[in-house]
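Per-entry structural report
The chain contents come next:
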Amino acid sequence: MSSKYLDHKGRPVIVVTGMGTLTSLGRGKKDNWDAVIAGKSGVKEITRFPTDGLNTRIAGTVDFMDTEEISAPEISYAMAEATAEEALAEAGFGSEGFPGPLYFAAPPVEMEWQHRFTLMDENKDAEPGYKQLLEAARAKRHIHMHLLVQIGGIAYRLAEKFDTKGLPISLSTACASGATSIQQGMEAIRRGDTEAALCVASDGSVTSEGLIRFSLLSALNTQNEEPQKASKPFSKDRSGFVMSEGSAALVLETLEHATNRGAKIQGVIRGVGEKADKFHRTRSSPDGIPVITAISRALDDAGLAGKPVDYINAHGTSTPENDRMEYNSLHSVFGDDISSIPISSNKSMIGHTLTAAGAVEAVFSFMTMQNGKIPPTINYDNPDPDIPLDVVPHVSRDAQVNTVLSNSFGFGGQNACLVFGSDVV
Amino acid sequence: MSMTKNNREVWITGIGLVSCFGEGAAHHWQVLGGDSTPIPIQEKELYAPYTVHPLPEMDWSKQIPRRGDQRQMENWQRLGTYTAGLALDDAGVKENDEMVSAMDLVVAAGGGERDIDSDRQILGEAINHKDRDKLLIERLPNDLRPTLFLAQLSNLLAGNISIVHKVTGSSRTYMGEENAGVTAIENAVARISAGQSTQALVGGAYNAERPDLLLIQELGHYLSQNSGEAIIKRLKQTQGGIVPGTASAFLVIEDADFARKRGAEPYAKISGVASDLGKRDPQKTIPRVASILEKTGADKKTIDGIISCASGVKDISELEMVFLAEKFGPQIPIRFLTSMFGNSIEGNFPSSIALAAMALKNNKFYPQFEQAEQPASGEPSSILVTSFGHRFGEGMALVEKT
């Protein structure tokens, strides 16, 4: 391979040639970009199910998908299909299929109450319980419901629809999943297993049970009165994340593959860093070492060790603990330079899209570089003095951005950081 | 698709195994590797008409010493975390901080546990309730335990392994039924083979004693009813179907050079892993699985035996048998792991690789797991492992003597 196609470590340069996204702000890259640049919020009162008496009654739901039923697998699939279609169209892949594997960051898919109720109603006279549901299942084959509750089901359907190659991969690293899907596409390309990878992440799991579970962990935002103002990363009065839905897709290719087929290059994926935490199921190590290590490894992988980046797309969930830990870790890596690096959290506007977050925020990061505009952190009315960062408050900012660090940290201690570039270096 | 290129040799140096037979690689070899057909433990009453292979008696404290950690999990995560500890012990790296903090963790996981009692109560109230959505938001905040949510998250098996055994080099969780196990092994092997990783803990676990999981399979009529017979007999006598089994397997696999330097002894090496997904009709499935076989490198070798994860679901399991007989001749000894352990879904493929590795190390293939299987003779040097998912996906691995 000619050296112009290799990176600083002699590996193939990996570029993005197509992207798609969909969030509570709308469908498609353009609508989403216009909204985040205008500082709009997609967080609203939940109407999908009753919320009377619940501590949290707001979310960034996606309510405009046309699905056969309102369930996590159906909404997640529909969103993933839409963003994959957008990304593949932009990259110029059509009906001939996609020449690489699918890495899908999969939401928690399981049987939902509506499915249990359907089965129960088919066997009304039996004593309530799983025996009753099993009898209903035995009496009649429910083959589509079976597909919906297969944890690999969304990826199987996407692989068939877009004719990706090989066994599709369903993965989870909780809230880092979106970043992990991109990481795994990078790894496969760097191994020489493939010249291209389709990385998709989707999460449409705002169900009553899903919301209540997060609520019981005391992680959710309860500022129901003004939904659009609830998510306030890095603010002193931040009080939890807003559960949200969304999806994103990115087409990754080697620079050589993209160049040879004349594809337009949207940006470069320069590096990735990962480190797992062993401290606690829902909390990060107090010393921040796993996150510091993940960030440092990503910068080193990108050839930027010891150098500042132009912009940081924060994990910035708006929980008291995450935002403080993220600041401390960034300060430890970048030193006092950190106060002059603009950093913003898309979650102030779209909430936390959970499984999809890392991929959605990757798309926004590339659009930041392409448009020379940094999306704001909205709702930053009450800065936390312990987190002295330039969070690009309230309004977007014009700036030339050539390098971006994007952070993703998951429940369960899985941390993945990505470094993006505007140009091949 | 992602064929494993054999740049670096990938050794299996540690095995953790739990099934209805008990725990540990040595114990399993003792039970399964003798001269007579082993008799698996089955539970036929509790979930009738379904048979399951149950969890053996466990003392969780042996691998999960802190009660607080045990309480944060349900049996699926306990089983996986426990078995991961067995594998680390077997590889001689348990509590070796330098080793485990750099070790990559790759887990095949399904969905976590439900509170069966609470589900039952809600169903009981819902039957005559006018507004079921409202009922849910009234009941769930009180009925759900916060710890249960953590026991439900797929990636929290990996999270618990990191917390209990301090394996933190990297952490990834794959999902997708039987294919999750294939992907986990394939990814860990590919990374070591390509020099992206030197040492990984990889495996999966499945708790079959859960009516909510039986329900998922029965939605598609994939469960075997009134028969826990071994695979070939089950297919002859009945409509076939899955007999679920509680089981877990974790492997420590590593770059051969890395293992040699630390003085580790290999069980065997993994020479190739491949997988694919496509439509399930014989016209397409046969060429697809032939291509998978070719990618593992196994079709050009003398294969001494096959360990199959066949689900027992009629069409696909019969197709697998026809395919293997055609490729390797009708005399090829095939051992259906699922006849012994039951179908442990995400745990299937890692368990089969473990069994292949144990046979290679002990220079002997397994006795017939049922009479209709072909007997084996001689010392095996190449074993093929196959996984044909009950509805989606196929994968294979070639495991060989080092």
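**Observations regarding the overall build of chain A**
Within chain A, the regular secondary structure consists of 13 helices and 15 strands. In summary, chain A has a C-alpha radius of gyration of 21 Å against a globular reference of 22 Å for 425 residues, a match within 12%. For chain A, the spread of C-alpha atoms along the three principal axes comes to 70 × 50 × 40 Å. A buried classification covers 68% of the 425 residues belonging to chain A. Residue pairs at least 24 apart in sequence account for 78% of intrachain contacts in chain A once pairs closer than 6 positions are excluded. When the accessible area of chain A is evaluated, it comes to approximately 13600 Å², of which 48% is carbon and sulfur surface. Charge centroids of chain A, computed over 39 positive and 53 negative side chains, lie 2 Å from each other.

**A closer look at the packing of helix 13 (residues 282–296) of chain B against helix 14 (residues 314–328) of chain B**
If you want to describe how two helices pack, look at the angle between their axes and the distance between the axes. Residue and element names in this part refer to chain B. Their axes nearest at 11 Å, the elements helix 13 and helix 14 cross at an angle of 50°. In terms of their interaxial angle, helix 13 and helix 14 are classed as oblique. Helix 13 and helix 14 meet at a crossing whose hand is right-handed. Taking contact as the criterion, the partners of P282, T285, I286, V289, A290 and L293 in helix 13 are, on helix 14, I316, L319, F323, K327 and F328. Residues that form the contact of helix 13 with helix 14 fall into these classes: nine nonpolar, one polar and one charged.

**Focus on a negative patch on the surface**
Together, A:D52, B:D131, B:D133 and B:E138 make up a negatively charged patch on the protein surface. You can see A:D52 is positioned in the loop between strand 3 (44–45) and strand 4 (58–59).

**Some thoughts on the interface of chain A and chain B**
With 75 residues of chain A at the contact, the number on the chain B side is 81 residues. Of the roughly 7200 Å² buried between chain A and chain B, counting both surfaces, carbon and sulfur atoms make up 64%. Interface area lost by chain A to chain B is led by A:Y130, A:L167 and A:R281, which between them contribute 12%. At the junction of chain A and chain B, the tally comes to eight salt bridges. Counting residues per element, the ones that place at least two in the side of chain A that touches chain B are helix 3 (113–122), helix 4 (130–139), helix 5 (143–148), helix 6 (153–162), strand 6 (169–172), helix 7 (177–191), helix 8 (208–216) and strand 9 (267–276) of chain A.

**Some points on empty space enclosed by the protein**
Empty space among the atoms becomes apparent when a probe as large as a water molecule is rolled across them. Counted by the stated rule, this structure contains five cavities of 30 Å³ or more. The calculated volume of the largest cavity comes to roughly 340 Å³. Lining of the largest cavity is provided by 25 residues; of these, A:V149, A:I151, B:G111, B:L213 and B:I216 occupy positions nearest its centre. At the level of elements, strand 5 (199–206) and helix 10 (211–219) of chain B are the ones that each hand at least two residues to the lining of the largest cavity. Tallied by class, the residues present in the lining of the largest cavity amount to 11 nonpolar, seven polar and seven charged.

**Some details on the layout of surface pockets**
When its volume is computed, the largest pocket comes out at roughly 720 Å³. In terms of lining residues, the largest pocket is bounded by 43 residues, among which A:A72, A:E112, A:S205, A:T207 and A:G210 are the most central. Residue assignment for the lining of the largest pocket shows that the elements contributing at least two residues are helix 2 (72–91), helix 3 and helix 8 of chain A together with helix 6 (132–143) and helix 7 (146–152) of chain B. For the lining of the largest pocket, the element with the most residues is helix 8 of chain A, which contributes five residues. Here the lining of the largest pocket is built from residues that sort into 22 nonpolar, 12 polar and nine charged. Here the lining of the largest pocket spans two domains, and each of domain 1 (14–110 + 149–421) and domain 2 (113–148) of chain A adds at least three residues to it.

**A short note on the side chain of A:T51**
Along the chain, A:T51 turns up in the loop between strand 3 and strand 4. Look at A:T51 and you get buried, because its relative accessible area is 10%. Apart from the residues lying within four places of it in its own chain, the contact partners of A:T51 are A:I46, A:R57 and B:I137.

**With respect to the pattern of salt bridges**
As a working rule, side chains carrying opposite charge can pair if their charged atoms are close by. Residue and element names in this part refer to chain B. In total, this model carries 54 salt bridges over all chains according to the counting rule given. A salt bridge links D255 to R8; the nearest nitrogen and oxygen atoms lie 3.1 Å apart. Placement of the pair is D255 in strand 6 (residues 247–255) and R8 in the segment before strand 1 (10–19), with a sequence separation of 247 residues. You can call D255 buried: its relative accessible area is 5%. Owing to a relative accessible area of 38%, R8 belongs among the partly exposed residues under this scheme. R120 is the partner of D117 in a salt bridge, and the nearest nitrogen-oxygen pair spans 2.7 Å. Placement of both D117 and R120 in helix 5 (residues 116–126) is noted, with a separation of three residues, approximately one turn of the helix. With a relative accessible area of 43%, D117 lands in the partly exposed category. Assessed through its relative accessible area of 36%, R120 is described here as partly exposed.

**Some thoughts on the domain arrangement of chain A**
The parts lose accessible area when they come together, and the size of an interface is often stated as this lost area. Residues and elements named next belong to chain A. In terms of domain boundaries, chain A breaks down into domain 1 (14–110 + 149–421) and domain 2 (113–148). One C-alpha centre belongs to domain 1, the other to domain 2, and the line joining them spans 36 Å. At the junction of the two partners, domain 1 supplies 11 residues and domain 2 supplies eight residues. Where domain 1 abuts domain 2, roughly 900 Å² becomes buried across the two surfaces, and 49% of that area is made up of carbon and sulfur atoms. Area buried by domain 1 at its contact with domain 2 is led by E69, V149 and Q150, which between them contribute 44% of it.

Rules used throughout
By convention here, each chain's residues receive numbers from 1 onward along its written sequence. Following the order in which they are written, the chains are lettered starting with A and the ligands numbered starting with 1. Local features in a predicted model are, by the rule used here, given only for residues with pLDDT of at least 70; side-chain atom pairs are given and counted only at 80 or more, and totals for whole chains, interfaces and linings are based on all residues. Hydrogens and waters are ignored; side-chain quantities use all the structure's heavy atoms. Secondary structure counts use DSSP, requiring at least four H or I residues in a row for a helix and at least two E residues in a row for a strand, with both numbered from the N terminus. As defined in this context, the radius of gyration uses C-alpha atoms, and a globule is described by 2.2 Å times the residue total to the power 0.38. Each residue is assigned to one of three classes by its accessible area relative to the maximum for its type, calculated with a 1.4 Å probe on protein chains only: buried under 20%, partly exposed between the two thresholds, exposed over 50%. Here, residues are in contact when the closest pair of their heavy atoms is within 4.5 Å. Method for areas: the Shrake-Rupley scheme with a 1.4 Å probe, in which residue coverage is limited to the protein chains shown. By the counting scheme adopted, Arg and Lys are positive, Glu and Asp are negative, and His together with the chain ends is not counted. In plain terms, the charge of a residue is placed at NZ if it is Lys, CZ if Arg, CG if Asp and CD if Glu. Helix axes are fitted only over the stretch in contact, all axes being lines through C-alpha atoms; the angle between N-to-C directions runs from 0 to 180 degrees. Oblique is the label for every angle not falling under 35 degrees (roughly parallel), over 145 degrees (roughly antiparallel), or within 65 to 115 degrees (roughly perpendicular). Note on convention: the crossing is left-handed when the near helix lies turned anticlockwise from the far helix by less than a right angle, right-handed when the turn is clockwise. By the convention adopted, Pro, Cys, Tyr, Trp, Phe, Met, Ile, Leu, Val and Ala count as nonpolar, Lys, Arg, Asp and Glu as charged, and the other residues, Gly among them, as polar. The residues that make up patches have over 30% relative accessible area and no salt bridge, and they are joined within 9 Å when like-charged or within 5 Å when they are Val, Leu, Ile, Met, Phe, Trp or Tyr. The term salt bridge refers to a pairing of a side-chain nitrogen on Lys or Arg with a carboxyl oxygen on Asp or Glu at a separation within 4 Å. By definition, the buried area sums, over both parts, the 1.4 Å-probe accessible area that each loses when the two are put together. A pocket here means an open set of points on a 1 Å grid, computed over the protein atoms alone, that has protein on both sides within 12 Å along at least five of seven lines. A cavity is instead a set of points where a 1.4 Å probe fits but cannot get out; residues with an atom within 4 Å of a point line either one. Grid points are joined across faces, edges and corners, and a volume is the space filled by probe spheres set on the points. Here the bounds of each domain stem from an automatic or database domain assignment.

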